[in-house]
Amino acid sequence: MVPSDLVVDLSRWQFAATALYHFLFVPLTLGLSFILAAMETVYVTTGRTIYKEMAQFWGKLFAINFALGVATGLTMEFEFGTNWSTYSYYVGDVFGAPLAVEGLMAFFMESTFVGMMLLGWHRLTRAQHLTVTWLVALGSNLSALWILVANGFMQDPQGATFNPFTQRLELTSFIHLLFNPDAQAKFVHTSLAGYVTAAIFVVGISAWYLGKGRHVELARRSLRMAALFGVLSSVGVITLGDALGFIDGGRQPTKLAAMEGLWETEQAPASFNAIAFPSQDEQRNLFSIKIPYLLSILVKHDLSTPIIGIKQLEQEAAQRIKNGIPALTALEAIQKNPDNKQALVTFDAHKKDLGYAFLLKRYAPDVAKATPSQIQKAAKDTIPEVWILFWSFRLMVVAGFAMLIFLVFATLYSLKTDCRRTGFLKIAPWFIPVPFFACEMGWVTAEVGRQPWTVYEQLPTWISASTHSASYMIFSLTGFVLLYSSFIVVEMYLMTKFVRQGPDEPGSRSGGSLAGQTVFAHPLLGPNRD
């Protein structure tokens, strides 16, 4: 029994909704943890208490974001089992390994030390507290590493092979899984995007304080540190984004062609569609503005290599579907008789295209009797939604360059000794949503571009979902949207409250950390060792 198309779509919407909500919290946690560690390092090495106040104030906002990020992230791992049971069975041995390591090593580490970081200002020595803060930053980023290793396997499955007797993908090399180029490039790209997000967050709020004439010294130093951190991170994001695009171009040509709205194969040097209105039904762009030579430079890093278009990729997919049919029929024979050696020989000869035959099974339950039109339908499925990819990618890129320009201006502004009220201080707070938007667009580009696969070229999405009823999926999807929307409201309320409240006065008992606040109050705080 396979799930209906409606249930598959609802399962995709539910996972997309929870992931996009969760991804609103993750980048800020990744970046702000390192900014906190940097501020506290300056405090410990120089002894200047203003940097302690900075670390404590931004630590409050980090704690709010961290708590809500954890709350939104926990459900996602359970969704794999509840809504994607076939996927979990098929790749659980591989996919579960990095997630288990993430839970045991990274998540427990950051969750343990974050409490010590927030409540330990009066109990730990400076060196001990600094160590704890760096461990929180390290744990947060290690958590991202293992999750993106798992995601990298879905984008480019390496380190595993399909076992026809268990009918599962099984781990063969943890090294190949860990050092998957897609996973490594995406980890650095995503982490740096988080640093940019946190930098603009700190710059925006600091600018707001400067514009109001409040907490001027803290805001001025925070703005300077965050702006410089953000500039360096922005350059890294753009550089690694280019590397990631180069890797995807080689491993996922359908994603690349869809991102570029490239219907026909282009001989080098290929032009870049700066603006276009793709029509998937007509397989052409209804309107486009091209920049000569640029696509070859961006995608191939040369001016001599042709770039394969969507129509040719569909033809190649049709051939792989035909080649996969013997593998699937042999697999069914092995399922009935594991001792069928001829079927095993046939399977081994065609197994690299088994996933393509799974695509065909959606239209031809008996793939051996598939018609040419059914094969063509399955081949068309290999192309993701072009207009979504085309525009999500461009919006992400435009936002990325806008953030770099903004942070360069912020850095130059921060170098002024007299931070007077200027237009920059008015604009900067309104720039805070931009990196969050860019991160969301990046996630859409990566995940929509992987379709129609949950594991690229191995397992189609249409057979990966659980066989729930549509009413159950509508009910749970509605519940998640309402619940997670309430988390966003809580986040915005608490952030606004603590930003308006500002840092605690120097020498106050809470010292600016959440210790002393009602939500984390403790009656027996130890002596302040500072």
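Parameters and conventions
- Residues numbered from 1 in each chain as written.
- Predicted model: local features only at pLDDT ≥ 70, side-chain atom pairs only at ≥ 80, totals over all residues.
- Heavy atoms only, no water.
- Helix = DSSP H or I, 4+ residues; strand = E, 2+ residues; numbered from the N terminus.
- Rg over C-alpha atoms; globule rule 2.2 N^0.38 Å.
- Buried < 20%, exposed > 50% of the residue type's maximum accessible area, 1.4 Å probe, protein only.
- Contact = heavy atoms within 4.5 Å.
- Areas by Shrake-Rupley, 256 points an atom, 1.4 Å probe, with all protein chains shown as cover.
- Lys, Arg positive; Asp, Glu negative; His and termini not counted.
- Charge placed at Lys NZ, Arg CZ, Asp CG, Glu CD.
- Phe/Tyr/Trp six-rings, centres within 6.5 Å; stacked < 30°, edge-to-face > 60°.
- Lys NZ or Arg CZ within 6 Å of the ring centre and 35° of its normal.
- Pairing = 2+ DSSP bridges.
- Domains from an automatic or database assignment.
- Axes fitted to C-alpha atoms, helices over the stretch in contact; angles between N-to-C directions.
- Left-handed = near helix turned anticlockwise from the far one by under 90°.
- Nonpolar A, V, L, I, M, F, W, Y, C, P; charged D, E, K, R; others polar.
- Core = buried A, V, L, I, M, F, W, Y, C linked by side-chain atoms within 4.5 Å.
- Parallel < 35°, antiparallel > 145°, perpendicular 65-115°, else oblique.
- Expected span 1.5 Å × (residues − 1).

Colleague: Please set out the overall build of the chain residue by residue, giving values where relevant.
Modeller: A count of helical and extended segments in the chain gives 18 helices and six strands. Here the C-alpha atoms of the chain give a radius of gyration of 26 Å, agreeing with the 24 Å that 2.2 N^0.38 yields for 530 residues. The dimensions of the chain, computed from C-alpha atoms along their principal axes, are 80 × 55 × 40 Å. Burial analysis of the chain (530 residues in total) assigns 53% to the buried set. Look at the contacts in the chain between residues 6 or more apart in sequence, and 78% of them connect residues 24 or more apart. With an accessible surface of roughly 23,200 Å², the chain has 67% of that area assigned to carbon and sulfur atoms. Positive and negative charge centroids in the chain, built from 40 and 38 side chains respectively, lie 8 Å apart.

Colleague: Tell me about the environment of Leu-298, and please be specific about residues and values.
Modeller: In this fold, Leu-298 is placed in helix α10 (residues 294-299). In this structure the C-alpha to C-alpha distance between Leu-298 and Phe-272, which are 26 residues apart in sequence, comes to 8.8 Å. Those residues in contact with Leu-298 that lie beyond four places of it in its chain are Asp-242 and Phe-272.

Colleague: Before we move on, can you summarise the environment of Met-105 with the specific residues and values?
Modeller: Relative to the elements of secondary structure, Met-105 occurs in helix α4 (residues 85-119). Considering only alpha carbons, one finds Met-105 and Trp-146, 41 residues apart in sequence, at a separation of 9.6 Å. Once residues within four sequence positions are removed from consideration, Met-105 is found in contact with Leu-142 and Trp-146.

Colleague: Explain the packing of aromatic side chains to me, using residue names and the numbers behind them.
Modeller: Applying the stated criterion across every chain, the model contains 27 aromatic pairs. Ring centres of Tyr-413 and Phe-424 lie 5.0 Å apart, and the angle between their planes is 35°; this geometry places the pair in the tilted category. Residue Tyr-413 is located in helix α15 (residues 386-414), and its partner Phe-424 is located in helix α16 (residues 423-427); the two are separated by 11 residues in the primary sequence. On the basis of relative accessible area, Tyr-413 is assigned to the buried category, the value being 5%. The ring of Tyr-89 has Arg-168 lying over it, and the distance from NZ or CZ to the ring centre is 4.9 Å.

Colleague: Got a sec to walk through the pairing of strand β4 (residues 284-291)? Specific residues and values, please.
Modeller: As paired elements, strand β3 (residues 272-279) and β4 share six bridges and run antiparallel to each other. By the bridge assignment, Ile-275 is partnered in β4 with Ile-289. In sequence, β3 turns back onto β4 through a hairpin of four residues, with Gln-283 there showing a positive phi of about 50°.

Colleague: How would you summarise the domain arrangement of the chain if you had to cite specific residues and measurements?
Modeller: Domain assignment breaks the chain into domain 1 (5-252 + 384-498), domain 2 (266-307) and domain 3 (319-381). Computed from C-alpha coordinates alone, the two centres of domain 2 and domain 3 are separated by 34 Å.

Colleague: Describe the packing of α15 against helix α17 (residues 433-448), with residues and values.
Modeller: Where α15 meets α17, the closest approach of the two axes is 8 Å, and the angle between their N-to-C directions is 145°. α15 and α17 meet at a crossing whose hand is left-handed. Of α17, the residues touching α15 (which contributes Ile-388, Leu-389, Ser-392, Phe-393, Leu-395, Met-396, Ala-399 and Met-403) are Val-434, Pro-435, Phe-437, Ala-438, Met-441, Gly-442, Val-444, Thr-445 and Val-448. Split by residue class, the contact of α15 with α17 holds 14 nonpolar, three polar and no charged.

Colleague: Describe the nonpolar core, naming the residues involved and giving the relevant values.
Modeller: For soluble globular proteins, the rule of thumb is that nonpolar side chains tend to be buried together. One finds Trp-58, Leu-61 and Phe-201 to be the most contacted residues of the largest nonpolar core, which totals 145 residues. Among the elements that line this core, the one with the most residues is helix α7 (residues 181-212), at 16 residues. When residues of this core are assigned to domains, at least three map to each of domain 1 (5-252 + 384-498) and domain 3 (319-381). Apart from residues no more than four positions distant in its own chain, Phe-201 is found in contact with Leu-28, Leu-32, Trp-58, Leu-61, Ile-432 and Met-495. Listed in part, the seven residues of the second largest apolar core include Leu-256, Leu-262, Ala-270 and Leu-295.

Colleague: An account of the packing of helix α11 (residues 310-336) against helix α13 (residues 354-361) is requested, with residue identities and associated values reported.
Modeller: Look at α11 against α13: their axes get within 6 Å of each other, and the N-to-C directions meet at 90°. If you check the angle between α11 and α13, you find them roughly perpendicular. Mapping the contact onto sequence places Ala-317, Arg-320, Ile-321, Gly-324, Ile-325, Ala-327, Leu-328, Leu-331 and Glu-332 in α11 and Leu-354, Tyr-356, Ala-357, Phe-358, Leu-360 and Lys-361 in α13. Split by residue class, the contact of α11 with α13 holds 11 nonpolar, one polar and three charged.

Colleague: Kindly report on α17, identifying the contributing residues and their values.
Modeller: Along its 16 residues, α17 runs 22 Å from first to last C-alpha, staying within 8% of the 22 Å computed at 1.5 Å per residue. Counting buried residues in α17 gives 13 out of 16 residues, a clear majority hidden from the surface.

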